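# Summary of structural features
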Amino acid sequence: MLFRSPDRARAAYAEAAELARRTGQAELLAAAALGVTGGQGGFEIDLRDPDRVAVLTEALDTQPDGDSSARAALLGRLSLALAFTGTVLRQREALSAESVAMARRLGDPAVLAAALAARCDAISGPDHVAERRAAADEIIELARVSGDRTGELLGRRLLVVALAEAGEWPAVDAEISCYARLAERSEEHTPELQSHHD
């Protein structure tokens, strides 16, 4: 039977993390930490999960020195996970900025898009509207080039928020319409999951 189960996916990532610890596989631990905290390219994090910061920090500490896609992804995800933990906002801003800078040096579009999204979250609020708008535009462009509709939807969602905070209501309406059309096309091209019984 084919299915999508967040609980089973989370359990599988947790098992992978344990295997990575036992065998000393830093790359596997990074993948498991990213998976258990929202998926490999995830943006949404369960902020009720008390272990989210610990597993990401552990994975980050095991990474080799220097730039890598895993390190950039972990930095961005950690900046998201630290929300509502009492962490000084400057720390989240610093982590997200480092993630974006590293992703740019690596030239990894997928990691850069995720890093930019995390950056938007870390610098939320009207004081950073211009930077967040530029980041959202870049996420959209990266997603369109790679054909990533989910990434484009995320970028457009972030753009709507930035435009609303700037009070650009006609642009907000236009972006919402664009988001709705894209979401509809995405649903049309999503294959249905089928159950197969032996």
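Here's a quick rundown of the structure. (Residues numbered from 1 in each chain as written. Predicted model: local features only at pLDDT ≥ 70, side-chain atom pairs only at ≥ 80, totals over all residues. Heavy atoms only, no water.)

## With respect to the overall build of the protein
On a plain count of helices and strands, the protein comes out with nine helices and zero strands. Starting at the N terminus and ending at the C terminus, the protein contains elements arranged as α-α-α-α-α-α-α-α-α. Taken over C-alpha atoms, the radius of gyration comes to 18 Å for the protein, in line with the 16 Å a tight globule of 198 residues would show. Taking the principal axes of its C-alpha atoms as reference, the protein extends roughly 55 × 50 × 30 Å. A total of 198 residues make up the protein; the buried ones form 39% of that total. Accessible surface for the protein amounts to roughly 11,400 Å². Of this, 53% is attributable to carbon and sulfur atoms. Seen as two clouds, the 22 positive and the 32 negative side-chain charges of the protein have centres 1 Å apart. (Helix = DSSP H or I, 4+ residues; strand = E, 2+ residues; numbered from the N terminus. Rg over C-alpha atoms; globule rule 2.2 N^0.38 Å. Buried < 20%, exposed > 50% of the residue type's maximum accessible area, 1.4 Å probe, protein only. Areas by Shrake-Rupley, 256 points an atom, 1.4 Å probe, with all protein chains shown as cover. Lys, Arg positive; Asp, Glu negative; His and termini not counted. Charge placed at Lys NZ, Arg CZ, Asp CG, Glu CD.)

## Regarding the pattern of salt bridges
This model, assessed by the stated rule, comprises twelve salt bridges. The residue glutamate 18 makes a salt bridge to arginine 21 at a minimum N-O spacing of 2.7 Å. With glutamate 18 and arginine 21 both in helix 1 (residues 6-23) and three residues apart, this pair spans about one turn of that helix. Residue classification places glutamate 18 among the partly exposed residues on the basis of a relative accessible area of 40%. Among the residues examined, arginine 21 registers a relative accessible area of 36% and is labelled partly exposed. We note a salt bridge from glutamate 58 to arginine 21, for which the minimum N-O separation is 2.7 Å. Here the residue glutamate 58 occupies a position in helix 3 (residues 52-62), and arginine 21 occupies one in helix 1, the gap between them amounting to 37 residues. (Salt bridge = Lys/Arg side-chain N within 4 Å of Asp/Glu carboxyl O.)

## Concerning the packing of helix 4 (residues 69-81) against helix 5 (residues 89-106)
One can describe the packing of helix 4 onto helix 5 by two numbers: an axis separation of 8 Å at closest approach and a directional angle of 155°. Put simply, helix 4 runs roughly antiparallel to helix 5. The handedness of the crossing between helix 4 and helix 5 is left-handed. Residues Ser69, Arg71, Ala72, Leu75, Gly76, Leu78, Ser79 and Leu80 of helix 4 pack against Arg92, Leu95, Ser96, Glu98, Ser99, Met102, Ala103 and Leu106 of helix 5. (Axes fitted to C-alpha atoms, helices over the stretch in contact; angles between N-to-C directions. Parallel < 35°, antiparallel > 145°, perpendicular 65-115°, else oblique. Left-handed = near helix turned anticlockwise from the far one by under 90°. Contact = heavy atoms within 4.5 Å.)

## Concerning helix 1
Look at helix 1: 26 Å from first C-alpha to last across 18 residues, which is about the 26 Å you get at 1.5 Å a residue. Along helix 1, the positions that sit buried rather than exposed are Ala16, Ala17 and Ala20. End-on view of helix 1: buried residues confined to an arc of 105°, all on one side of the axis. Of the exposed residues in helix 1, those oriented more than 90 degrees away from the buried face are Asp7, Arg8, Glu15 and Arg22. The elements touched by buried residues of helix 1 are helix 2 (26-36). At the C-terminal side of helix 1, glycine 24 shows a positive phi close to 70°. (Expected span 1.5 Å × (residues − 1). Arc of directions from axis to C-beta.)

## Topic: the packing of helix 7 (residues 129-146) against helix 8 (residues 149-165)
For the pair helix 7 and helix 8, the least separation of the axes is 8 Å and the interaxial angle reads 160°. Considered as vectors, helix 7 and helix 8 are oriented roughly antiparallel to each other. Pair helix 7 / helix 8 crosses with left-handed handedness. Judged by residue contacts, Val129, Arg132, Arg133, Ala136, Asp137, Ile139, Ile140, Ala143 and Arg144 of helix 7 engage Gly151, Glu152, Gly155, Arg156, Leu158, Leu159, Val161, Ala162, Leu163 and Glu165 from helix 8. Of the residues contributing to the contact of helix 7 with helix 8, the split by class is ten nonpolar, two polar and seven charged. (Nonpolar A, V, L, I, M, F, W, Y, C, P; charged D, E, K, R; others polar.)

## Quick word on the environment of serine 79
Secondary-structure assignment places serine 79 in helix 4. Distance from serine 79 to glycine 35, taken between C-alpha atoms, is 16 Å for residues 44 residues apart in sequence. Non-local contacts of serine 79, meaning those with residues more than four positions away in its chain, are made with Arg92, Leu95, Ser96 and Ala118.

## Some thoughts on the side chain of serine 186
Along the polypeptide, serine 186 turns up in helix 9 (residues 169-188). In this view, serine 186 contacts Arg149 and Leu153; residues no more than four positions away in its chain are not counted.

In short, shape yes, function no, at least from these values alone.
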